[in-house]
Amino acid sequence: MLRSLFIVLIALCLTGCASTKFEVLDINALSSDRDNNGAFVGLERLAQSAPNSRKKRVNIMYLHGIGYVENPEDAPLANAFITGVADAYGQTVEEKAVASQCGRARKDEDVELSNSITITEVKKRTYKTTLPGSTLSLDELVCMDRQVLPVDSDIEYVIYRVFWDDIFWEALQRPHVGQDAIGQNETGMFASLRTKYNGRLKDKLVNYGFSDAVLYLGPAGEQIRNAVRGAMCSAALDASGFGFEQQGDRVNHIDICQIASLRDIETDPFAFVTESLGSKIAFDIMRDAMTDGRGNVYDDMIKGTQFFMLANQVPLLSLSDISLNDRVVPEPYADEERPTIIAMSEINDFLSYELVPFYKQLLERSDRGDSNALDMSVETERNRLIDLLGFNIVDMRVQFSGPVFPFVGGFVDPLFAHNGHVKQPELVAYMLCGAKSGQLHVENCRGLSSDALRGKNLRRKIPINENIGGEPLKGEAAKRQGK
C-alpha cells in the first residue's frame, strides 16, 4: 500500500515538473543595446476611423503557413485567432465571426457566402514534371474571405483570410506525394502500414507541411506571391468600399491590382498576421515592394504597419536566397513609415528561428569588408543595419507547449509549439495591446477581458542589470535598466 502511494506521489511530482505554463522569456529589439526591452504597437492601437466612419477598424491580412489548413478534420488556423481575439474582449461564442472554410457557411458547407473572392492566374500556368511529356496545370491561386469581428461599440477587426495551400495541394502536391498520405489514396496501402502516430506525423510535418515549403522554393513560389499580391489588392479595394460583389467572383491578380492602382483608395490601417511559411511569403512580398522602385498598393499597405509573424521560417528558408548577385537595398523609409516585424517564437518549435539573433549571426559570420563593417554596440550602427534591411525587428521568445508524455518534461509537443500561438490568451493580449519596455502595454487597452486572464498578474519579472545570457550589462545600459 505504501509502495503504491509512493509511486503515485512520485508521478504527481514528475507531472508537475513536466507541465508548461505560458511564459514570455524575452522581448528583444534589433534597435536596442540590451535584451527584454522590445516595444511594438498592438492591433488595437493601430485601429483608426476610416473617412465618414465613427468606428475604429483595423484590417488584418491573415496568411496561413504550412499544413493542409482546409483538411475537413481540422478547423482553419485563422479560426483560432479570431476566437482568441473575441475571447480577449469577453465575447460569447455566438457572437464570434468564425466560418469553417473559405466562402462557406459554418453549419452547412454546401451554402456559399458572398464574403469571398477567388484570385486566379491571368492564363493557365503549365508546369513540366519529372516524368517526360507529363505536365500539371494551375489557374486558380487563392480563395480569400472576409470575417468581421465587432468587439466593442466603437472598434472592429476585419480579417481577410487567405487560403492558398488547398488549391496548390490539389493541383501540384497531391500528384507528387498524395499516394502516401492518409485518406488521399483509395487503397490506403502505404499510409495504413505505418503506426498511428508515425502516420499522423508524416502527414502533418511532411505531406501537408514540408511539401508546401519545397513547392514555395521552386517556380510555383512566384505564383504564390502573385496570389497573395492579388489578395492584398482585392482586400484594399474591399476595405475602401469596392466590395467583393463589385469585383466579381473571380479576378486575376494583374487586373485586380491594376484596378486598385487606378482608384483613390482610402482605408483603415492594414496589419498582417502570418503563420509559419506564410511569414516567409509575406516577408518576400514586403521586400519586393520596398525594392522595386515603384509606388503601388502594396507600399501603402506596408508603410508603418506591423507584421505579427508566428513561428516564422524566414532564417531557415532564406538559405534559398543566397545569390551570386548583389542584394538590393530597400528605398529609404521615414521612421514612421518603416514596417515592424514582431516575430513570436516558441523555443521548442523545430522550424522557427528568431530574427534578431539571425541577423546578428549573419553579420558576424559574413564578410562585409572594412568599409561596410557594423558595430552592433553602437546605436547609429544598429540604425544603419535597420536602414539596410528596411524594417524594424522585435523578437518575442515564448514557451507554452506541454510535454508529450505526462511524466517526461524533456520532450514537449513540437506540433503545438509550431501552431499553438494563437491559442494562448496571453500571446493574443500582446498582439492586441502591444509591448512597452519589454512589458505588456496594458494601459488603456480593452483587449484584456478574457476569462483566462482575469486575476492574473501580467507583468513580467525582468532581471536587473542582466542580459538573457547572464552577462552583466555595463555602462549606460546598466544605468538605464536599473532605473
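Residues numbered from 1 in each chain as written. Predicted model: local features only at pLDDT ≥ 70, side-chain atom pairs only at ≥ 80, totals over all residues. Heavy atoms only, no water.

## Observations regarding the nonpolar core
In this structure, M61, M144, Y160, F168, L172 and I281 are the most contacted members of the largest nonpolar core, which totals 72 residues. The leading source of residues in this core is helix α7 (residues 220-239), at eleven residues. If sequence neighbours within four positions are ignored, M61 has contacts with M144, Y160, V162, A231, M232, A235, F270, A271, F272, V273 and M301. In this structure, A88, V273, F400 and C445 belong to the second largest nonpolar core, which totals 46 residues. (Core = buried A, V, L, I, M, F, W, Y, C linked by side-chain atoms within 4.5 Å. Buried < 20%, exposed > 50% of the residue type's maximum accessible area, 1.4 Å probe, protein only. Helix = DSSP H or I, 4+ residues; strand = E, 2+ residues; numbered from the N terminus. Contact = heavy atoms within 4.5 Å.)

## Quick word on the pairing of strand β10 (residues 306-310)
A large share of β10 lies buried, amounting to five of its five residues. Burial along β10 is two-sided: Q306, F308 and L310 facing one way and F307 and M309 facing the other are all buried. As judged from the four bridges shared by strand β9 (residues 270-275) and β10, these two strands associate in the parallel manner. Residue pairing in the sheet places V273 in a bridge with F308 of β10. As judged from the five bridges shared by β10 and strand β11 (residues 340-346), these two strands associate in the parallel manner. Opposite L310, over in β11, you have M344 as the bridge partner. (Pairing = 2+ DSSP bridges.)

## With respect to the environment of D299
When you line up the elements, D299 lands in helix α11 (residues 297-302). Sequence separation of D299 and A289 is ten residues, and the distance between their C-alpha atoms is 5.9 Å.

## Side note on the environment of S240
Relative to the helices and strands, S240 is located in the loop between α7 and α8 (244-247). Measuring from C-alpha to C-alpha, the distance between S240 and R263 comes to 9.6 Å, with 23 residues separating the pair along the chain. Not counting residues within four places of it along the chain, the set of residues in contact with S240 comprises I265, E266 and T267. A distance of 2.8 Å separates a polar atom in the side chain of S240 from the backbone oxygen of L237. (Polar contact = N/O pair within 3.5 Å; in protein donor to acceptor, adjacent residues only side chain to side chain.)

## Structural notes on the packing of helix α4 (residues 165-177) against helix α6 (residues 196-216)
In the contact formed by α4 and α6, the axes pass within 11 Å of each other and the chain directions differ by 95 degrees. Compared by their axis directions, α4 and α6 come out roughly perpendicular. Between α4 and α6, the residues in contact are D165, F168, W169, L172, Q173 and V177 and N207, Y208, S211, D212 and L215, respectively. Among the residues making up the contact of α4 with α6, the classes are represented as six nonpolar, three polar and two charged. (Axes fitted to C-alpha atoms, helices over the stretch in contact; angles between N-to-C directions. Parallel < 35°, antiparallel > 145°, perpendicular 65-115°, else oblique. Nonpolar A, V, L, I, M, F, W, Y, C, P; charged D, E, K, R; others polar.)

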